[in-house]
Structure formats: structure tokens, C-alpha cells
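An overview of the molecular structure
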Amino acid sequence: MAVQALDAARAPIDWLSFARKFALPAVAIVVVYGLVPAFASSYLVEAILLPFLALSLAAVGLNLLTGYCGQLSLGSSAFMAVGAFAAYNFNLRVEGLPLAATMILAGISAAGIGVIFGLPSLRLRGFYLAVSTLAAQFFVQWALTKFGWFSNDNPSGVISAPHLAVAGFSLDGATGRYLLSVTTVIVLTALVWRLVNSATGRNFIAVRDNETAARVIGVPVLTTKLLAFAISSFIIGVAGVLWAFTYLRTVEPAGFNLDRSFQILFIIIIGGLASIRGAFLGAAFIVVFPLVLSRLGAFVFGGLFDSGVLDMSQRIVLGALIIIFLIAEPNGLSALVDRLKRRIGSRSS
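These numbers come from a predicted model, not from an experiment.

1. Overview of the overall build of the protein
- Each helix and strand in the protein was counted, giving 14 helices and four strands.
- In terms of overall dimensions, the protein has C-alpha extents of about 80 × 55 × 50 Å along its principal axes.
- Relative to its full complement of 349 residues, the protein shows a buried share of 43%.
- A fraction of 76% describes how many contacts in the protein between residues 6 or more apart in sequence connect residues 24 or more apart.
- For the protein, the accessible area works out to roughly 18,200 Å², and carbon and sulfur atoms hold 69% of it.

This is the structure:
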């Protein structure tokens, strides 16, 4: 037995498996923190990467609630607005508050509102729950418009991003805002990944699949639902901070309208429900698709393809794609990527 244990201890390291496990994360870190800040143009950062990161994080939050816990919500944009305006007021009214603390407090504010509007989930399901969360969208937008205190009594209700700095380093430039966004997204996404692979994540899935069976096996259904609303709203609130402070730099309550909520919902449908990777794939599609459609339309139709035609065409194509995904591939782009990887793997073997 001792000889076998010694042989096992001296077993050679499988360097191929080691490389496969750590090579991709290492390459991703080099690209994200090295190549992009060094070589990416300001247009790429500000017009594509910043909205992509903010929408990806919002989609991760909604996917946690809808994809993993099965609670349909149409109030995502409201929670983004709460996060953005809360961060603005914390920064304005608490002198010397660090940026990280500002974002955490903004997320907590959004989580509190999310729990309040998540209370109907204790009695409602499906379409009726979606309608109740829709009330959050209208109430938050009305409150931010009605009470000037939230926008520091600005007559137009517009708020502007404050000076962004961490440990004395200014992040107001495009590269600094990108680094702030990508770091925030990586940290929160990693925490969500740990969560969905924990006992709490399994409780979410149990509630989604069958509430009665989950209750029978001892899952605290009511607590699990409210926890899902709280964590989801926290993440979406932080995404609202990124959207307002790093991407738009100035925003009004109307910028967080119902269209934004549907946009985030479309992201998780196209990317794939109950898939963290799907949130990023769907966000990439939503951000890049209008640019591709605009270039293609201008190339084919020339001056006839103006902004109005582009907006209408985008809505029509997105609606058609959502129907196609729901019928042909309900698991979205994430499932298509898995299928493609299996096909490539089978051919290479």
C-alpha cells in the first residue's frame, strides 16, 4: 500500500490537461487587461464594449432571476434606474465616499426595491407576476421624474456622471471607464457563477422546475424567491451604474424606459436562459446587430435606409429572431455554441 501511495504521489503531471484548464483564462486576461486597453480605439471602447459590458451584467442579473429561479420580471430597467440615481445621490451627498462603496450601496438600494416588488411572487406566477413587476417600471420612472431631489433639483431630471477615481487614479477616460466596467463585470459574474453552483443555486432551480416538489423536499420557497429578487436586483442596479457612469455619462429617467427592460429580456432569450455565457452572447448580439444592420442597409439601399427605417427594421428582425429561437432553439445561442463545439470535436477525433 505504501509503494502504491508513493507511486501515485510521483505520478507525472498531465501538462495537456493543465494547459487546457488555464490557457484560456490566461489568454482572456491578457486580452481584456492588456491588448484592449493598449490597442482598442475609443470608438470600439465607448460605442461597443461599454454598452456590451453594462448590458451583459444586467442580463446576468435577470438570468439569475428568470432563467435559474423561474420568476419572470419586466422591471429590469427600473432597477437599473434605481442603481444609477442612488449612486449619483450617494456620491453627491456623502463626501469622500469611495467609488466601490458607492456602487455597493447603489446595488443594495436596487435590491431593496427589488424585494418590495418581488413580494407578489409569493402569490403570483408567470404572466401575472410579470405584470406586477411591470408596476416597478412605471412607479420608479414616475418617482424619479416627480421628485426633483433624486436629480438634485435639475429641471430636466438629468444626472451627470461624477468624477470616477479609485485609489487616487482617475478613471474618467475611455480606457479607465472600460477597466472599471470590465473588472466589475468579471467580479460579479464570478460570484454569480459560484452562487448558481452552490446549494442556493440548486434551490433556485428546484423552485423554477416545481415549487410544490421543492417545498416537499425542504426548500424554503418564499425565502428563495425573495433572495433571487434581491440578488438579481443588486446586480442589475450595479449594471445601471455602469450604464449611466461609464457609458452614457449623463442620463435621465426616460433613458430607463420599458424598451430597456424588454431589451434585457430579449438578451437572455436570444443568448439562452439559465446560462451565464448566454447573457454575454445575447448582449454581444444586441449591441453588434444594429451596427451590422445599419452598414448592410446603407450598402444595399443607400440613402433610403435612414435612422427611422433602421429602428423599424431592427425591431422586425429582432422579433422574428426571438420567435425563431423560441421555436427552433429555446436554449439560445449558448446551445448553438455547444452544438458547434461538439461537432468540431467529433470531426477532429
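2. Focus: helix H5 (residues 99-118)
- Relative to the 28 Å expected for 20 residues at 1.5 Å per residue, H5 spans 28 Å between its end C-alpha atoms, a close match to the ideal helical length.
- Within the span of H5, buried status applies to Leu99, Thr102, Met103, Ala106, Gly107, Ala110, Ala111, Gly114, Phe117 and Gly118.

3. Considering the environment of glutamine 71
- Mapped onto the elements of the fold, glutamine 71 is located in the loop between helix H3 (42-68) and helix H4 (76-93).
- Remark: the alpha-carbon pair of glutamine 71 and asparagine 331, spanning 260 residues in sequence, is separated by 17 Å.
- If near-sequence neighbours (up to four positions away) are discounted, glutamine 71 is found in contact with Leu65, Thr66, Ser121, Leu129, Val207, Glu211, Lys225 and Phe229.

4. Focus on the pattern of salt bridges
- A full pass over the atoms with the stated rule returns seven salt bridges.
- A salt bridge links arginine 208 to aspartate 209; its shortest N-O distance comes to 3.0 Å.
- The salt bridge partner of aspartate 338 is arginine 277, with a shortest N-O separation of 2.5 Å. Within this pair, whereas aspartate 338 is found in helix H14 (residues 332-348), its partner arginine 277 is found in helix H12 (residues 276-301), the two being separated by 61 residues in sequence.

5. With respect to a nonpolar patch on the surface
- There is a patch of nonpolar side chains on the surface, built from Val27, Val30, Val31, Leu35 and Phe39 and spanning about 470 Å² of accessible area.
- If you trace the backbone, valine 31 turns up in helix H2 (residues 15-39).

6. Some remarks on the confidence of the model for the protein
- Per-residue confidence for the protein averages 88 on the pLDDT scale, and 92% of its residues sit at or above 70.
- At the low end of the mean pLDDT range in the protein sits helix H1 (residues 2-9), at 50; at the high end sits helix H7 (residues 174-196), at 97.

Analysis parameters
Residues numbered from 1 in each chain as written. Predicted model: local features only at pLDDT ≥ 70, side-chain atom pairs only at ≥ 80, totals over all residues. Heavy atoms only, no water. Helix = DSSP H or I, 4+ residues; strand = E, 2+ residues; numbered from the N terminus. Buried < 20%, exposed > 50% of the residue type's maximum accessible area, 1.4 Å probe, protein only. Contact = heavy atoms within 4.5 Å. Areas by Shrake-Rupley, 256 points an atom, 1.4 Å probe, with all protein chains shown as cover. Expected span 1.5 Å × (residues − 1). Salt bridge = Lys/Arg side-chain N within 4 Å of Asp/Glu carboxyl O. Patch = residues over 30% accessible without salt bridge, like charges linked within 9 Å, V, L, I, M, F, W, Y side chains within 5 Å. pLDDT = per-residue confidence, 0-100.

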